[in-house]
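What follows is the residue order along each chain.
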Amino acid sequence: MRSEVRHPLAAAYLASLEQAAARLPRSQRDELVAELTQHVDAGVAAAESEADIRNMLDALGDPAEIVAEAAPAATPDGPSGVLAVTLGVIALVLTLAMALPISVPLAVIAIVLGVTARRHARQVGGNERNGTAAIALGAASIVVPALLWSVLLTTRSESHEDTPQTVFTTEQPVPMPTSTTMP
Amino acid sequence: MGPAERLTSQLRKGTLTYCVLALLARRERYGFELVRTMSAVDGLVTSEGTIYPLLSRLRKDGHVTTTWRDSDEGPPRKYYAITPQGLADLGAFRVEWRRFRTAVDRVVEGEAHDEI
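The text that follows walks through the structure, step by step, so that each part is easy to find.

Conventions we followed
Residues numbered from 1 in each chain as written. Chains lettered and ligands numbered in written order. Predicted model: local features only at pLDDT ≥ 70, side-chain atom pairs only at ≥ 80, totals over all residues. Heavy atoms only, no water. Buried < 20%, exposed > 50% of the residue type's maximum accessible area, 1.4 Å probe, protein only. Helix = DSSP H or I, 4+ residues; strand = E, 2+ residues; numbered from the N terminus. Contact = heavy atoms within 4.5 Å. Buried area = accessible area lost by both parts, 1.4 Å probe. Salt bridge = Lys/Arg side-chain N within 4 Å of Asp/Glu carboxyl O. Polar contact = N/O pair within 3.5 Å; in protein donor to acceptor, adjacent residues only side chain to side chain. Nonpolar A, V, L, I, M, F, W, Y, C, P; charged D, E, K, R; others polar.

## Concerning helix α2 (residues 31-40) of chain B
Move 1: Listing the buried residues of α2(B) in full gives B:Gly31, B:Phe32, B:Glu33, B:Leu34, B:Val35 and B:Met38.
Move 2: At its buried positions, α2(B) is contacted by α2 (26-46) of chain A together with α1 (3-26), β1 (29-30), α3 (51-60) and β3 (74-82) of chain B.

## Quick notes on the interface of chain A and chain B
By a widely used convention, the size of an interface equals the accessible area lost when the partners come together.
Move 1: Each partner contributes residues to the interface: chain A has 17 residues there, and chain B has 19 residues.
Move 2: In terms of surface lost to chain B, no three residues of chain A exceed A:Glu35, A:His39 and A:Glu69, which account for 37% of the buried area on that side.
Move 3: Our count for the contact surface shared by chain A and chain B stands at four salt bridges.
Move 4: The shortest N-O distance in the salt bridge between A:Glu35 and B:Lys78 comes to 2.9 Å.
Move 5: Across the chain A-chain B interface, the total number found is 11 residue pairs in polar contact (both at pLDDT 80 or more).
Move 6: Taken together, the elements giving at least two residues each to the side of chain A that touches chain B come down to α2, α3 (50-60) and α4 (63-70) of chain A.
Move 7: Here the side of chain A that touches chain B gets nine residues from one element, more than from any other, and that element is α2(A).
Move 8: Taken together, the residues of the side of chain A that touches chain B sort by class into eight nonpolar, five polar and four charged.

## Quick word on the side chain of B:Thr15
Move 1: Following the sequence through the fold, B:Thr15 ends up in helix α1.
Move 2: With sequence-adjacent residues up to four places away left out, B:Thr15 is seen in contact with B:Phe93 and B:Trp97.

Laid out in structure tokens, this is it:
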């Protein structure tokens, strides 16, 4: 049988595999689907009856099991990813509300959790979006007040430099000595 | 899955990699051919499809390489070949496996009058 017109059983199996493999990273998914497609096509070509094709597909096994072998099922970046983003958002909000004693430690936690979530996502082949977002939010919550604080410091020190000059420029009326004190 | 099946499954998981390497050590093979050879050995493989992720891991770890070759019988085929690193690992496994197999047999199959 030519592979251009695939046997319905084979087509159904490969469709089921593609669905199960959807959670894998693209390159891994493409490789697995390509290899199994080759296998199925070769099996169909070698088959002498529909029973042969069924036996071949049964022997291949459950697509979910094959995908599980490729990458154990796990949430894309684990609960820590969602938690990290949430903490990052809270930290930023608190920063804008100038609650720095709370927002800064929270921002640090968000960054740490974000780094952990990214590493976990890389290992299980999930996406690192949440971890990256958490790091960005946490960084903003620290950098923005830090910038504001340094600007505040420089304007404060500038106003201190002005004060000695005003002593010299302001004209104070000097009281004239009375004639009785003059020799 | 009953206890006996679970046990066999564990044993299989540990050794399947080396069975694949041993077949490739003899000569390079393409996927379909390799899988069929393995499933011809009774009790070795349950889900043939899981051999493909295993092959992918072996390639990523540097134990096998892949090459596409044209085929008279259809589309080009992806051939798997063992690397020097794969051969080295297979050799190490052989030593360990023989030792382990002998030890287990000795205890499990040992006669009542043996020293243990």
